[in-house]
Amino acid sequence: MTRGKFISLEGLDGAGKSTHLAWLTALLKQRGIDHVVSREPGGTPLGEKLRNLLLNEEMNLETEALLMFATRREHLAKVIEPALVAGQWVVCDRFTDATYGYQVGGRGLDLDKFNTLEQWVQGRADGVLQPDLTLLFDVPLEVSRARMANGRDLDRFEREQDAFFVRVRNAYHDRAAASGGRIKVIDATRTLDVIQDELAQIFAKLEHA
Ligand code: TYD
């Protein structure tokens, strides 16, 4: 059985991830690729309960980081790894790069602590498990803000100040630069057609890799 491929989507809140996720899953369906769509924090019954706490309860920075990784541990064990082993592709709305962006960049979590947790949760005999491809939908802060302000209630992260999101975006860029090509930065200010053309090309490479 060929192992499935693991794709994650990242970006600031309001970068258009949901629209692109829907388009990507339609493409997988059209290509006849069996797949699972999931999200973090969340993705399991326990993880969804933790998500509710993470998005709504005030907590210490390190508690937040630990809960993000606890959710991820459960998600990997119960959903992601079994699917990949069974040959299914996994499309995940956010994964560890979000912890790097939001907790390390945004909140200032100590990098050694992040690395330790990543190694603990994703460490395998052959290295640290990462997505095969990460699409980072990149928009400037003003665009993110404008798209967030669509009248709905904002969660604990979305209520953060501009400086927080500038740090998150910078951290995402640093992580992308150090990712050896795994993280593709997609300029998400362009029209949908143009973005989808680029995604289709990236997808075709992954499918035939
Ligand atoms: P998001 O995935 O953007 O959901 P929605 O589209 O429903 O708003 O929201 C999840 C929030 O959690 C987002 O603000 C980023 C944050 N987050 C972290 O801070 N660290 C993480 O490791 C993950 C996975 C998410």
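Below: a short report on this structure. (Residues numbered from 1 in each chain as written. Predicted model: local features only at pLDDT ≥ 70, side-chain atom pairs only at ≥ 80, totals over all residues. Heavy atoms only, no water.)

**Considerations on the environment of R167**
Tracing the chain through its elements places R167 in helix α7 (residues 162-177). Spatially, the C-alpha atoms of R167 and Q103 are 10.0 Å apart, while their sequence positions differ by 64 residues. With residues up to four places along the chain from it excluded, the contact list for R167 reads G105 and G106. (Helix = DSSP H or I, 4+ residues; strand = E, 2+ residues; numbered from the N terminus. Contact = heavy atoms within 4.5 Å.)

**Let's talk about the packing of aromatic side chains**
Counted by the stated rule, this structure contains eight aromatic pairs. The interplanar angle of 75 degrees and the centroid separation of 5.0 Å between the aromatic rings of F6 and F95 together place this pair among those described as edge-to-face. Of this pair, F6 sits in strand β1 (residues 6-11) while F95 is found in the loop between β3 (89-93) and α4 (96-107), placing the two residues 89 residues apart along the sequence. Side by side, F6 and F95 carry an identical accessibility label, which is buried. Ring centres 6.3 Å apart and planes at 85 degrees place the aromatic pair Y102 and Y172 in the edge-to-face group. (Phe/Tyr/Trp six-rings, centres within 6.5 Å; stacked < 30°, edge-to-face > 60°. Buried < 20%, exposed > 50% of the residue type's maximum accessible area, 1.4 Å probe, protein only.)

**Description of the sheet that holds β3**
Taken together, five strands build an open sheet; the order of strands is β2-β3-β1-β6-β7 and the sheet is parallel. Each end of this open sheet is capped by a strand with a single partner; those strands are β2 (35-39) and β7 (183-187). For this sheet, the mean inter-axis angle between neighbouring strands, taken without regard to orientation, is 20 degrees. Across four bridges, the pairing between β1 and β3 is parallel. Counted as the bridge partner of F6 is V90 from β3. Here helix α1 (residues 17-30) sits on the sheet and contacts β1, β2, β3 and β6 (133-138); the angle it forms with β1, its principal contact strand, is near 160 degrees. Contacts from α4 reach β1, β6 and β7 within the one sheet, and its direction differs from that of β1 by about 20 degrees. (Pairing = 2+ DSSP bridges. Axes fitted to C-alpha atoms, helices over the stretch in contact; angles between N-to-C directions.)

**Observations concerning the layout of surface pockets**
Looking at the largest pocket, its volume works out to about 590 Å³. Along the walls of the largest pocket sit 28 residues, with D13, K17, R51, R94 and E158 positioned nearest its centre. Elements with a contribution of two residues or more to the lining of the largest pocket: α1, α2 (45-56), α3 (61-85), α4 and α6 (141-148). Take the lining of the largest pocket: its biggest share by element is four residues, from α4. (1 Å grid on protein atoms, 1.4 Å probe; cavity = no way out; pocket = protein on both sides within 12 Å on 5 of 7 lines; lining within 4 Å. Points joined across faces, edges and corners; volume = space filled by probe spheres on them.)

**As for the site of the ligand**
For the ligand, the set of nearby residues contains 15 residues, the closest of which are D13, R94, T99, Y102 and Q103. The side chain of R72 places a nitrogen or oxygen atom 3.2 Å from an oxygen atom of the ligand. Starting from 550 Å² of accessible surface for the ligand in isolation, the protein chains cover 89%. For the ligand, the cavity whose grid points lie within 2 Å of the majority of its atoms is the largest pocket. (Near = heavy atom within 4 Å. Polar contact = N/O pair within 3.5 Å; in protein donor to acceptor, adjacent residues only side chain to side chain. Areas by Shrake-Rupley, 256 points an atom, 1.4 Å probe, with all protein chains shown as cover. Sits in = over half its atoms within 2 Å of the grid points.)

**Details of the nonpolar core**
By size, the foremost hydrophobic cluster in this structure holds 21 residues, and its most contacted members are I7, L135 and F137. For this core, the secondary structure elements donating two or more residues are β1, α1, β3, β6 and α8 (192-207). For this core, the element with the most residues is α8, which contributes five residues. When residues no more than four places from it in sequence are discounted, the contact partners of I7 are L24, W89, V90, V91, C92, L133, L135 and L206. Listed in part, the 20 residues of the second largest apolar core include V79, V90, L109 and L117. (Core = buried A, V, L, I, M, F, W, Y, C linked by side-chain atoms within 4.5 Å.)

**What to know about the pattern of salt bridges**
As enumerated under the stated definition, the model contains 18 salt bridges in all. Between E62 and K113 there is a salt bridge whose closest N-O contact spans 3.0 Å. Residue E62 is found in helix α3, and its partner K113 is found in helix α5 (residues 111-122); the two are separated by 51 residues along the sequence. Residue classification places E62 among the partly exposed positions, given a relative accessible area of 34%. Of the residues examined, K113 reaches a relative accessible area of 41% and is grouped as partly exposed. Put simply, D97 and R182 hold a salt bridge, and the shortest N to O gap is 2.8 Å. In this pair, D97 sits in helix α4 while R182 sits in the loop between α7 and β7, placing the two residues 85 residues apart along the sequence. Via salt bridges that share partners, E64, R107, R156 and E160 belong to a single interconnected network. (Salt bridge = Lys/Arg side-chain N within 4 Å of Asp/Glu carboxyl O.)

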